[in-house]
Amino acid sequence: MKLHFTAAEASGDLLARETIEALMQRAPEAEFVGIGGMELAKLGIYSPIDTAPLSIVGLFDGMRVYREVLELSDAAADHIIEADPDAAILVDSWGFCIRVGERVRARAPHIRLVKLLGPQIWATRPGRARILAKTFDQVLCAHLMELAYYEDLDIRAEPIGVPALSRGREGDRNAFFTRGGLDPERPVLLVLPGSRGSEIRRVAPALIAAARQIAEQRPDVQGVVLPASSVRAAFVSAFPTLPVGVSLLPEDQIAADAMAAADYALACSGTVTTEVALQGTPMLAAYKLGWMTWAVARAGLYRPKRITLMNIAAGDADIVPEFVQSGMRPSIMAETAMKMLDDEQARQRQVDAQFEALGAMGRGDAPAPGRAADAILAGLSR
């Protein structure tokens, strides 16, 4: 049995590696090939294609690299067809993966196509379910509620849970302070500036500005920055020097340890907010899209009032304070963070609310990668 995985960005690369590891346990005879990044490379799966240009968010950002998207879609389809796997699993990255899938389906219809994860049709454009069903054989969804969108469509849809909930290994606070040389008696402010180039450009400056204001007003606070490994070089290039009182964590620092040690976090909204919450750390979340993309989304494509998954899971509540678009103001974010740093009870209330939301998201269920592996194998056996 041969399986091909395609992952175009950091989150998909990680989920692909986790799923392959689960598959290796269940089907040790399987052969794996793929397109991805550093995570797949850890398994000895080296990508023949550089997917870095696809690490973008937004309708109009995608249009700017449209030609590259088409060229990479052609190259990815060529690689899949040449490998001739029993199944091709395309991970995250809706726009790219649907194009790759369409090309493979047209040229090699015998290859089983699996989408991992399904697009967030509960939040934007439910019509994507029909588009997906025209090309893919199977879709693995994060949420049970998504299955209703695929009823009466010719596609096998199965829920596997939220992948980030499977990454909840308890962080080691002591290891963080030992490795980083920081003072365990002083508060730690963790800055998580994103995992995409567009986030480093649009969100990171506001987060760093907020951290600078906190450091100036609260010199006892130790500000530390932990960019995703996929954009670390881009972050260092954009911020060759950091404000006094704010430092870049070393590359070997384990993210879970940093999250567990932090008293409060300033996070770019995304999967990382779930990972921070799993470590029992309160936070705020910030995000900014291109203005045209944001205008289109708010005109009808995006339905929830909130953008953070925990807030949505809690009924569009405001568990994690959100600072979005023009609301992403460093002074207000800094003020919010300092109030929380000064109020232990308020921090605990937010942590309790975050845990409750994580429960609603499926915390405690079987790990998503294992469920994905089981679903992929079951689909092949039919």
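Given the structure is predicted, the values throughout are model-derived calculations rather than measurements. (Residues numbered from 1 in each chain as written. Predicted model: local features only at pLDDT ≥ 70, side-chain atom pairs only at ≥ 80, totals over all residues. Heavy atoms only, no water.)

**Details of helix H16 (residues 344–361)**
Given a rise of 1.5 Å per residue, 18 residues ought to cover 26 Å, and the 26 Å separating the end C-alpha atoms of H16 matches this to within 8%. Taken as a whole, H16 has its buried residues at Ala346, Arg347, Gln350, Val351, Gln354, Ala357, Leu358 and Met361. One side of H16 holds all its buried residues, which, seen down the axis, span an arc of 135°. Residues of H16 that are exposed and angled more than 90 degrees away from the buried face: Gln345, Arg349, Glu356 and Ala360. Buried residues belonging to H16 abut strand S10 (264–268), helix H12 (271–278), strand S11 (283–287), helix H14 (309–313) and helix H15 (330–341). One side-chain oxygen of the residue at the start of H16 lies 3.2 Å from the amide nitrogen of glutamine 345, identifying that residue as aspartate 343. Where H16 ends, the next residue or the one after it, glycine 362, has phi of about 110°, a positive value. (Helix = DSSP H or I, 4+ residues; strand = E, 2+ residues; numbered from the N terminus. Expected span 1.5 Å × (residues − 1). Buried < 20%, exposed > 50% of the residue type's maximum accessible area, 1.4 Å probe, protein only. Arc of directions from axis to C-beta. Contact = heavy atoms within 4.5 Å. Polar contact = N/O pair within 3.5 Å; in protein donor to acceptor, adjacent residues only side chain to side chain.)

**Topic: the nonpolar core**
Of all hydrophobic cores here, the largest spans 58 residues; its most connected members are Phe5, Ile89, Leu116, Phe176 and Leu190. Not counting residues within four places of it along the chain, the set of residues in contact with phenylalanine 5 comprises Ala16, Thr19, Ile20, Leu23, Phe32, Val33, Gly34, Ile35, Leu40, Ile89, Val91 and Ile376. Within the second largest apolar cluster, 34 residues are counted, among which are Ile200, Leu207, Ile214 and Ala215. (Core = buried A, V, L, I, M, F, W, Y, C linked by side-chain atoms within 4.5 Å.)

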